[in-house]
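# A structural walkthrough
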Amino acid sequence: MNSIGRRRFLSVLSQSAAAIACWPTLAKAFDATSTCWLDLCAPFIIEDPARGLHSEVVLTSDTFVGSKGHADRLDATEYELHLYDANGAPVNRTGPTAKLHVAAMQTTVIAVRDLLPAGKSFWGGLRVRVRPLTRHPMHASDLFSSAFIRWQSDSSFTTVHANPDPREWQRPDSFFYSMPFPPLEDYDCVYSIFNPYDESSAGELTLYDRFGTTLRKLPYNLKPHSSVVVDLTTGDFAPDLDETFEVRRKDEAMLGGAKGGSVAVTNRPGTVKNFGYLLIKQADSPRFSIEHPIHQPPYNPAPARVPFDSAGRFKAQNILYTPLIFRSKKIGGITLDSRVHLSSGAPVEESLWLSPFITNEKGEVVWQAGKGCTFPPSIPKNQIDHDAIRLPGQQSCILNCSQLDLPKNFSGGLSLAITPLSNHTLMKVEVKATEWNATTFTHFRPGLAAARAYQKPAAREGLGTDYIVSGGCLKTNKNKILRDEIIAVINVDDKAITGNPTLELFTSIGLVKRVSLGSVPAFSCCHYLLSTLLNESIPATELSLRLVDEQATLLMSVLHLDYVRRDIAADHGSDRFSTYTEFTCSRS
């Protein structure tokens, strides 16, 4: 693993200055309209030596010009890290906690403990600022894959990207975000909120059961840069983190969340928004996962309508995807099963309609709602209408793949036709490794219209697919696998183009390996075990994975396998240009 400690920051900064000095013509070409600092936020940063809990920041530096602009090391990204404790106090009162310059695609890991006094415990929030230094001026091409946070203990680990905070959203206005939480009979859940701004964030956090009934309303008023946590088990604010990773008695008043529900946060007009992560810890187990929502402006829903044509066919406005669907699938010596957690949030109409279907490695539809297939008993009958799922505001449900008519040892992808348009982070997928009793969560990928927009920037050089995942590792000891990766690829191209993707592996020194994955048929979903793809060893260190295809539109998600901890973690992956045209240097 490439980890930068306290002693290396000065040398890193000197290297940054030297590199920039070598680019006099480039520096003159920069202007404020095309390059700028853009921001990311990450709540729930923990460094707790007594409990063996640690956080790391993983930097990808994935903004570069052209399809191979990482190779000559002329492109890079400047990073600033700003750590604030739960009370809002900065770790460094005179500036950023850390500043560094990372060459393109040279994966860099920073342990939070190296940013603190030796042995100090910490919890709070992190603001990450990014500014590319590229041969042609450009802002960050994908804020979702610029920086990741990894939490780990002796028995568990998980990773999530830092959330974008685009300039046009940095204003005192009312914002809304929501996400489903899993059954509280299976999990203890804690929601952490971080206010990254110099002004207060005030509003209300609401907990709903799966039918949209309000369980709790919790007003909050966060002072600048401070953090709080809400214990979903008790339905109240937690005084500290002492019980967060302990087994606790569930409060009877929150039994409405036993089968799952939703958490929603709305800040008051005239105050700034905040950011949240949901810690999902297995009941009676120290293993945990972390997931997140993203913001949307609040609005009043339009009248309900039935989204079917005269022949009864579902009229979708978008399709969302996940390639992480398993039923008793044996990969890498473990058995995988999936559950899908669907939620409506605040739909633009009175109800969100969903029609799922599942495809296999050949592109064949093996299960489809309303095509002679029945919904599993995990979805209540009152949430099924016209052979589709109908969720009014703040409702949620679970599609349990083990209850579907799928063959055992199945792996594939789920496509979720929806109307009206909705947020892809409202849809989560949970994967369980049965032998380890380990679970992980991540969310769906946006639809084809978004993917087509990502393909337009000139700096992409026409690639059909350019997808990034971080936090990977392949490690062995005496021919025994210690760490491995399951790469999941789904072909969503509406032109029925067969994919022929290449997987690129990057470490702290850049590109170390390119592997052809072979044919990915139209509409298919294929899965690969990294250790079986390679015929020669690679460094047992931190990996960023990049999937590229000249023509086909593909999506990639990854499962990280840790055979020492006997745990898994998921990364949904992100297109390298997913925020380039939307989150720019403009504040309008």
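Let me begin by describing the structure that accompanies this report. (Residues numbered from 1 in each chain as written. Predicted model: local features only at pLDDT ≥ 70, side-chain atom pairs only at ≥ 80, totals over all residues. Heavy atoms only, no water.)

## Remarks on the nonpolar core
Keep this limit in mind: Within this scheme, the nonpolar core is defined by two criteria: the residues are buried Ala, Val, Leu, Ile, Met, Phe, Trp, Tyr or Cys, and they are joined through side-chain atoms within 4.5 Å. Three exposure classes are used, based on accessible area relative to the maximum for each residue type with a 1.4 Å probe and protein chains only: buried under 20%, partly exposed in between, and exposed over 50%. For helices the rule is a DSSP run of H or I covering at least 4 residues; for strands it is a run of E covering at least 2, with both sets numbered from the N terminus onward. Contacts are assigned to residue pairs with any non-hydrogen atoms lying within 4.5 Å of each other.
By size, the foremost hydrophobic cluster in this structure holds 44 residues, and its most contacted members are Phe44, Ile45, Leu59, Leu83, Leu126, Val128 and Val130. Examining the composition of this core, we find that six residues originate from one element, strand β1 (residues 38–47), more than from any other. In contact with Leu59, other than residues within four places in its own chain, are Tyr79, Leu100, Val102, Gln106, Thr107, Thr108, Ile110, Ser146 and Ala147. Residues Leu324, Ile334, Ile358 and Ala438 belong to the second largest nonpolar core, which totals 42 residues.

## Digging into the pattern of salt bridges
Selection rule: For this document, the term salt bridge refers to a Lys or Arg side-chain nitrogen within 4 Å of an Asp or Glu carboxyl oxygen.
Applying the stated criterion across every chain, the model contains 30 salt bridges. Between Arg390 and Asp385 there is a salt bridge; the shortest N-O distance is 3.4 Å. Relative accessible area serves as the criterion here: at 27%, Arg390 is assigned to the partly exposed category. Its salt-bridge partner being Arg546, residue Glu504 comes within 3.0 Å of it at the nearest N-O pair. In this pair, Glu504 is assigned in strand β33 (residues 502–507) and Arg546 in strand β36 (residues 543–549), connecting sequence segments 42 residues apart. Per residue, the accessibility class of Glu504 equals that of Arg546, and both read buried. Here the salt bridges share partners, and the residues they tie into one network are Asp39, Arg127, Arg129, Asp165 and Lys273.

## Describing the sheet that holds strand β9 (residues 163–165)
Note the threshold: Each pair of strands is called paired provided DSSP finds at least two bridges between the two strands. In this analysis, axes come from line fits to C-alpha atoms, helices being fitted only over the stretch in contact, and the angle between any two N-to-C directions falls in the range 0 to 180 degrees.
Spatially, β4-β3-β6-β1-β9 is the arrangement adopted by the five strands of the open sheet, whose pairing is antiparallel. Each edge of the open sheet is held by one strand with a lone partner, namely β4 (98–103) and β9. Taken pair by pair, the neighbouring strands of this sheet meet at an average axis angle of 30 degrees, ignoring direction. Relative to strand β6 (residues 122–133), β1 runs antiparallel, the two being bridged by eight bridges. Within β6, the position partnered with Glu47 by the bridge is Phe122.

## Looking at the state of the cysteines
By definition, a disulfide links the sulfur atoms of two cysteine residues through a covalent bond. As a reminder, the rule being used: Throughout, a disulfide means two cysteine sulfur atoms within 2.5 Å of one another.
Overall, the coordinates contain one disulfide when judged by the stated rule. Left unpaired, Cys373 is separated from the closest cysteine sulfur, that of Cys401, by 13 Å. Exposure remark for Cys373: the relative accessible area of 23% places this residue in the partly exposed category. Note on Cys397: no disulfide assigned, nearest cysteine sulfur contributed by Cys401 at a separation of 12 Å.

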